Every structure is written in structure tokens, then in C-alpha cells.
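# Chains, contacts and geometry: an overview
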Amino acid sequence: MGNNLVQKTILYHEETKHSPYRYAKSSGFMDWENQPEPFRVFEGCPALGFPLSKKDSDAAYTCLYERGQNHTQEIMFNNIGAFIELSMGISAWKSFQGSSWALRMNPSSGNLHPTELYLILPPMPEMGNKGGVFHYNPYFHALFARAGFDAPFWDSVRTHFNIDGFFVGLSSIFWRESWKYGERAFRYCNHDVGHAMACLSLSANLLGWRVTYLNTLSSEDIETMLGFSKTKWVEFEKEHPDLLLFVCKNTDMDIPRSMDNESLLQFRSLPFVGKPNPLSGDHVDWNIIDQAALWTEKPRTDEKVYRYNSYPFLDGKCVDKKAAKIIRQRRSGQTYDGETSITREEFLSIMDRTMPRDKCAPFDLELGEVSVHMVIFVHRVTDMDSGLYFLVRNEDHFEDIKSGTDPGLLWEKPDSIPDTLPLYILKRCDCKAEAQMVSCDQDIAGDSSFSVGMIARFRGNIEKAPYLYRHLFWETGMVGQVLYLEAEAYSVRGTGIGCFYDDLVHQLLGFRDNSYQSLYHFTVGGSVEDERLTTLPPYHHLEKNGK
């Protein structure tokens, strides 16, 4: 059965590759009448609104990553609201010719937002001294109570973790993405999960909190705890469980990555209420996505602790900006000017931030072994040769990667690059045309300061456990979120690119098999703003209605 799942998972990946002569299957047109509703509501559930933040943290941008740099806030209802607002809330509205749409703190492919968020909270005064399982609706910045429990119910959870905290659950509605992107949508949903994970970890750090991935839980365990197994879903609009995180105050104590059996049994006995609102009137059945989700379901596994490097961050250019402001202003660039350069110092600092470190957000939530590397197309970086570079984010993979690529590539360390940053130049050249070509001929990959392709150790991970297929995309999303924020910090802009010609990237590097695969592209540079659009405050619709 294990080998069969490996083969099927790889088959899905092969079937959903783009090439210049064959794109992955999609509807081929935009069915605007059935565009999915962007906000899920559970009808019949009591709603509990979070207060909107009157003032963000004053923490400097440099405090966003390292633990211990921020004052620890109490785990209380209003602070949880601030944590969610800055990670999964609305950042702004855009309006054009009578149409308006929301932007969020967490980016999403096509701004379609398949990722849903749940909170499992301990008893609190604002909730009538009851705890519960809640769905978060960013439109209302409110919780919808799907299940409730009393203090004794939570006692076993508190005893197991030995620290006060709460859970964050993430799930995906595949239809939201497949409506536009067809069978490749499963990939994009998992990118978005990774972006959300990084958003949550970084937002938590500003409150002096820490996020830990509970890596023992099965998909079935998460379904149980979030009440999915007791929910009647609209056909094609089912939510698929992704993961559960534990949030607590920053601490050096070892947080369990598991749930105790007593608590799991208690969650299984909870009654859940609420009917999910329909998102579309009609659907297309992309069965291959449901099959891929089934093949990559996570079983219950042994608990694992992961440790990374502890190198200090590079002393880059001082960014005199507030962390919360950077988070709130993050946008995806739509067009790039083909002129803007960044400095060598800025470029190296951006690359350095993507390297996992212990006690540094977002990667210290410990998703797993570092498996994602980056091929970098350097176009406009002052005092650096234009060309093709490679960042090895896990140095244990260096020889394997090098031996699998074209023997004509240089693999030279550029001058004055610190030993803590394993960055290599592969080829000195003008690679703007190549960058554009492999990213589905999109100008943004060549008109930027630099663009990247995220190259994952692929077959070895899938053979170890097919569910790691999802984890690889989650890791790329986390890296992408760091790139987004770093771009904003240096007054440029970033864009995630899901459309690329998979095997052309592999051919460019000389990979001859699927040991390594390109899973996500990204570009950073000077964005050209669309002045036709009007920007509105994130919660103007609530203020207008006096809510």
C-alpha cells in the first residue's frame, strides 16, 4: 500500500505539470457566475467579535524574527484577536468601477483564499467562562462557536502541555482554487497553508508568543478536533484538515508535539453545531484533487523534535520600520518596472532571512527537516554579477544537489559571502529571458531585481512518507512569506508565482530525474502600482455599519 501511495502521489505531481505545449487541465475560462464566496460562515452558530486593534505593537521590523525580542503579552481574548488580525485578517480593500475585493495579511494564489482558520480556546471571561472550538471569519473579524466545553474538559489539555495556550487549526477548501486553476489547485492550496503558517508564527512573536506544529497528529485526529467529521458539507466544498498548531508564551521548555488520548476522546464526544454556507451554485468535479488529498493524508506518527542552526542574522542594512506596518502593507506586485535595483547587502540579508534558525520565527515552529532550496536569477543587484545562483538551505543536501546538476555549472562561492550563507554562483550571464521563460513566459520574472525557483528534495521525501508532499509545499509557502516581508522592508515588492514550466526548470539545472523538483517561484523588484484602483481601510464595512 505504501509504494502504491508513493506512485500515485508522484503521478498527481506529473499530471499537474505545466509545459510550453501542455498546461495542467483547468476549465479554460472564468466562470464568474460561480466564483466561490470568499468568506465562509457557519449558519446557526453564536458569533463573538474580536475588538479591532487600536494600536499595533511598536516593535521594530528587526524584532519580527528573533524570539525574546518582544514583551510577552498575556494569553487573553483581546490579545488573541490582535494575533489573528495581524496574521489572517483583512489588510485592505481594493475598488474599481463599482467592484471591490478584500486583501488579507496572508497571501493567496489568485486572492482566492482556500485556507480556513479555527481556534480551540480555553475558558475565558469573554466566552462566559467556557472554552470551545471556533471558526474565524475575517470579514467580521469574529469567531463562530461550533462547540463548547467547560473548565474540566480543558484540564487534561493543560496538564498535557504543562503551559497555558491554545490551538490554531488550518484547513483547505480545494474548490476555491480549482474554480480558476483546475487540477493544479491542490499545489496552490498547500502553498497558501505555508504562507498562513509563517504569518501566524511571525504575528505570535510580536506578542512574545511561540507557535509549535503538532507533528504527531493524523488528518483524522484534526478532523475530530475541529468537528469536520460531524459537519454536513456542500458537495465539492468540503474542508480538508491540514494541521494543528499550539500557541503559548515564548519559552525554552520543550512543547509536546502530540495530544493525549484522553483529550482526543473528549473532542470526539463534543456536539458540533452550524451549517456551512454554500460557496457556489455550480461546480466542476476535479476528482484528481480529492484523490491527491486522500493519497497524502497524514497518519498518526511518532513525535519528532527538529533543531536548526543558531547563526546570528547577517548585519544587513538597518531597516528603520515597524514590524506591524510591514505586515499590513504587504501586497503582491502585479507588474514590475524593469529598472529597480537592490543592493548586494539587501540581497544577502533577504537570502539570509530564509535560512531556518532555532528560536527564530517562522521556521522554529518545526515543520520538519529542511527540504527546500532556491535557484536564483539575479538581474539587478548592485555589486553582484548577474547570473544564476543557488542557495542551499540544508547543507546536508549540497553534494547530492551538486552531483545531480549539469557538470558545467560553476558552484563557486562569491567573494566575501559569509560561511553561514551557503550561496553559490552557477553561471554568470544575463538570465532575464531564461527567468521569464521558465515562469510561463511572465514578464514579472525578468523585470524584477531577482526571481527564484524553489527546488525541493522530492522523491526521497515522498518515498519516506507521501504526506510529506504537502509539507514540501508548506515549506515553500513559508519561505515565500519571508520573501514578501523582506521585499517590503527594503521598499520593493514581491510576487508568488505558481505558473511555471516545471521540467524546463529542471533541464536548466541539469536534473535528470525527480530527486529534486521545482515547486514554487517568486520574484522581487520595483512594482508598478495600478493607479486606477482605490484603496479602502480593512474594516471600513464594519465601522460603516457601526459594528
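A brief report on the enclosed structure follows. Note that the coordinates shown come from a computational prediction; the quantities given were computed from them, not determined experimentally.

### What about the side chain of N461?
- With respect to the helices and strands, the residue N461 is situated in helix α13 (residues 459–464).
- Setting aside anything within four residues of it in sequence, one finds N461 in contact with S371, L468 and L472.

### Digging into the sheet that holds strand β19 (residues 516–525)
- What the 6 strands build is an open sheet, ordered β16-β15-β13-β17-β19-β18; its pairing is antiparallel. With one partner strand each, in any of the chains shown, β16 (423–428) and β18 (493–497) form the two edges of the open sheet. Sheet twist, expressed as the average angle between the axes of neighbouring strands with direction ignored, equals 25°.
- Sheet topology places β18 next to β19; 5 bridges connect them, and they run antiparallel. Bridge pairing links I497 to H521 in β19.
- Contacts between helix α15 (residues 502–509) and the sheet are confined to β13 (372–378), β15 (387–391), β16, β17 (450–457) and β19, with β19 contributing the most and set at about 95° to the helix.

### Here's the deal with helix α6 (residues 219–226)
- When you tally the buried positions in α6, you get 7 out of 8 residues, the bulk of the element.
- Taken as a whole, α6 has its buried residues at S219, D221, I222, E223, T224, M225 and L226.
- Where α6 is buried, its residues contact β5 (115–124), β6 (130–137), β7 (142–149), β8 (165–172), β10 (240–249) and α7 (261–269).
- Within two residues after α6, G227 carries a phi angle of roughly 80°, on the positive side.

### Describing the sheet that holds strand β3 (residues 90–96)
- Across the sheet, 3 strands lie side by side as β4-β3-β20; this open sheet has antiparallel pairing. A strand with exactly one partner marks an edge of an open sheet, and here the two such strands are β4 (99–104) and β20 (534–536). Taking each pair of neighbouring strands and ignoring which way they run, the sheet shows an average axis angle of 30°.
- Where β3 lies against β20, 3 bridges are found, and the strand directions are antiparallel. Bridge pairing in β20 links W93 to L536.

About the cut-offs
Residues numbered from 1 in each chain as written. Predicted model: local features only at pLDDT ≥ 70, side-chain atom pairs only at ≥ 80, totals over all residues. Heavy atoms only, no water. Helix = DSSP H or I, 4+ residues; strand = E, 2+ residues; numbered from the N terminus. Contact = heavy atoms within 4.5 Å. Pairing = 2+ DSSP bridges. Axes fitted to C-alpha atoms, helices over the stretch in contact; angles between N-to-C directions. Buried < 20%, exposed > 50% of the residue type's maximum accessible area, 1.4 Å probe, protein only.

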